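What follows is the residue order along each chain.
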Amino acid sequence: MVAIKKFGLLTPLLLAAVLAVQPNSAWSAPTEPAGAPTAAADANNSTPANTDVAESGDPSLLAQQAQSTPRGFSGAMVQPRPDAQVPLNLAFKDEHGKSVRLGDYFKGKPVVLAMVYYRCPMLCGLTMNGMIQGLRGVSLKAGKDYQVVLVSFDHREGPDVALAEKTKMMKVLDRPQDDAGWHFLTGSADNSQLLGETIGFGFKFNPANGEYLHQAAIYIVKPDGKVSTTIGGIQFDSKMLQD
């Protein structure tokens, strides 16, 4: 069953509230804060996105929200797709420049998957830090019991950028024994687009500022590559991740 809470949009006024929400309570899957480069209105100068946040955690709200997509966010929303089959043959490069396929990380182990871009000015860093905080609290060991795979959807980023981001994030994690279980991938625009479309993670490039508009979510994927759980937001409860 896909565990979906509410999906909303983040503004500076809501940022503190989102960060203060306790894990596993009702929360929103934010976009970049308004005023940050990635949260600007789209390249056509449409009006800023509606910042109303739904009060219910009912997954049925997704259908309603899909019908009221804020202007500028078309194609940049999280649209959960239960049991979606991750395309395991998609090719990327890891942080060391080695050619890999997504299936390389699904050999009998579940995967915590996230689509980000490493030079994102805010939201992706918050997402990765949230993953670190949540995964610190699980008893399972990265690399041994599960894999963590981050895929950049910015085709301009290469292994050098990915390695720099991994080095930074692993210092924050401060668990050297888990380093081998975290993988920071980069690849072509086509492959990133296909992955996003498959799992329901939308993103859109804004040529006006060179940034991306997107929301935040992580995916718990079963060893066979099927999405088990989609968790929106920037805080991730350890118990939910463990289960």
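The preceding data block contains the structure.
The sections below set out a description of the structure shown in this document. Within each chain, residues carry numbers counting from 1 in the order of the written sequence. Note on the predicted model: pLDDT of at least 70 is required for a residue's local features to be given, and 80 or more for side-chain atom pairs to be given and counted; whole-chain, interface and lining totals, by contrast, use all residues. Here the side-chain values reflect all heavy atoms present in the structure, with hydrogen atoms and water set aside.

Details of the overall build of the chain
The secondary structure content of the chain amounts to six helices and nine strands. Burial classification: accessible surface area is computed with a 1.4 Å probe over protein chains only, and a residue below 20% of its type maximum counts as buried, one above 50% as exposed, and the rest as partly exposed. Out of the 243 residues in the chain, the part that is buried amounts to 52%. Contacts: residue pairs with any heavy atoms within 4.5 Å of one another. Within the chain, residue pairs in contact and separated by at least 24 positions form 73% of the contacts whose partners lie at least 6 positions apart. Numbering of helices and strands starts at the N terminus; helices are DSSP runs of H or I of at least 4 residues and strands are runs of E of at least 2.

Examining the sheet that holds strand β3 (residues 111-116)
By this definition, two strands are paired if DSSP reports at least two bridges between them. Spatial strand order, β5-β4-β3-β8-β9: five strands in an open sheet with mixed pairing. Looking at the sheet topology across the chains shown, the edges are occupied by β5 (182-185) and β9 (227-232). Taking the axes of each pair of neighbouring strands and ignoring which way they run, one obtains an average angle of 20° across the sheet. For strand β4 (residues 147-152) and β5, the ladder comprises four bridges, and the chain directions are parallel. For Leu150, the partnering residue across the bridge sits in β5 and is Phe184. Axis angles are defined between N-to-C directions and span 0 to 180 degrees, where every axis is a line fitted to C-alpha atoms and, for a helix, only to the segment in contact.

Comments concerning the side chain of Gln147
As for its placement among the helices and strands, Gln147 is situated in strand β4. Aside from chain neighbours lying at most four places away, what touches Gln147 is Tyr105, Lys109, Pro110, Val111, Val112, Ala180, Gly181 and His183.

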